[in-house]
Amino acid sequence: MSYHGGLIGVIISTALFCKKYKIEFWRFADFLVPSIPLGYTFGRIGNFINGELYGRTTTMPWACISPLDMSGQLRHPSQLYEAFFEGIFLFIILWSIRRKKVFDGFFLALYIIGYGTVRFFIEIVREPDPQIGHLFGLITLGQILCLFMIATGLCMYFYRRSSQKKSK
């Protein structure tokens, strides 16, 4: 299951929920978003314990052997990098500014931009899916999806900001 597809599903189901119960979607999303990254911390630690989604080979002193990697090579603990940056780091940023209301949809846009950016860089040390590998010889599918996330978050940011100014 891909995170990127899951995010689309969550946004659609949240929008449908908000429509059914007459809740303002952007405010509801902004209310929920600051706490979401903490869930990644535990999910990625679970990936590390299970030996899933391991990193590329490395000679760094903190490298580890993944139980699912049959080569037995030392690898980046990319799951722990993700637990820290997608989880704790992004949570601290969003949680620390959660009371600064800029416009409805601000936190959702910031979250999508932040997650996409952090994940894009972590993908550099994460082993790409073996059936896909690198596209165009240098970028992974995960990085391409993250670029789409960043672009979507930026579009959302500027759209929501301009629509809030027009309504005032």
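Above: the structure in question.
Rules behind the numbers
- Residues numbered from 1 in each chain as written.
- Predicted model: local features only at pLDDT ≥ 70, side-chain atom pairs only at ≥ 80, totals over all residues.
- Heavy atoms only, no water.
- Helix = DSSP H or I, 4+ residues; strand = E, 2+ residues; numbered from the N terminus.
- Buried < 20%, exposed > 50% of the residue type's maximum accessible area, 1.4 Å probe, protein only.
- Contact = heavy atoms within 4.5 Å.
- Areas by Shrake-Rupley, 256 points an atom, 1.4 Å probe, with all protein chains shown as cover.
- Expected span 1.5 Å × (residues − 1).
- Arc of directions from axis to C-beta.

Tallying secondary structure elements over the chain gives six helices and four strands in all. Along its sequence from the N terminus, the chain presents helices and strands in the succession α-α-α-β-β-α-α-β-β-α. Across its three principal axes, the chain shows a C-alpha extent of roughly 60 × 30 × 30 Å. Expressed as a percentage of the 168 residues in the chain, the buried residues total 41%. Long-range contacts, defined here as pairs at least 24 residues apart, represent 64% of the contacts in the chain between residues at least 6 apart. By element, 70% of the accessible surface of the chain is carried by carbon and sulfur atoms, the whole surface being about 10100 Å².

Before going further, it helps to examine helix α1 (residues 3–20). For α1, with 18 residues, the first-to-last C-alpha span of 25 Å sits near the 26 Å given by 1.5 Å per residue. Residues of α1 that are buried: Y3, H4, L7, T14 and C18. Down the axis, α1 shows its buried residues gathered within 100 degrees of arc, on one side only. Residues I8, L16, K19 and K20 are exposed on α1 and point more than 90 degrees away from its buried face.

Here we take up unusual backbone geometry. In this model, K22 sits at a positive phi of 55 degrees, which is unusual for a non-glycine residue. Residue classification places K22 among the exposed positions, given a relative accessible area of 74%.

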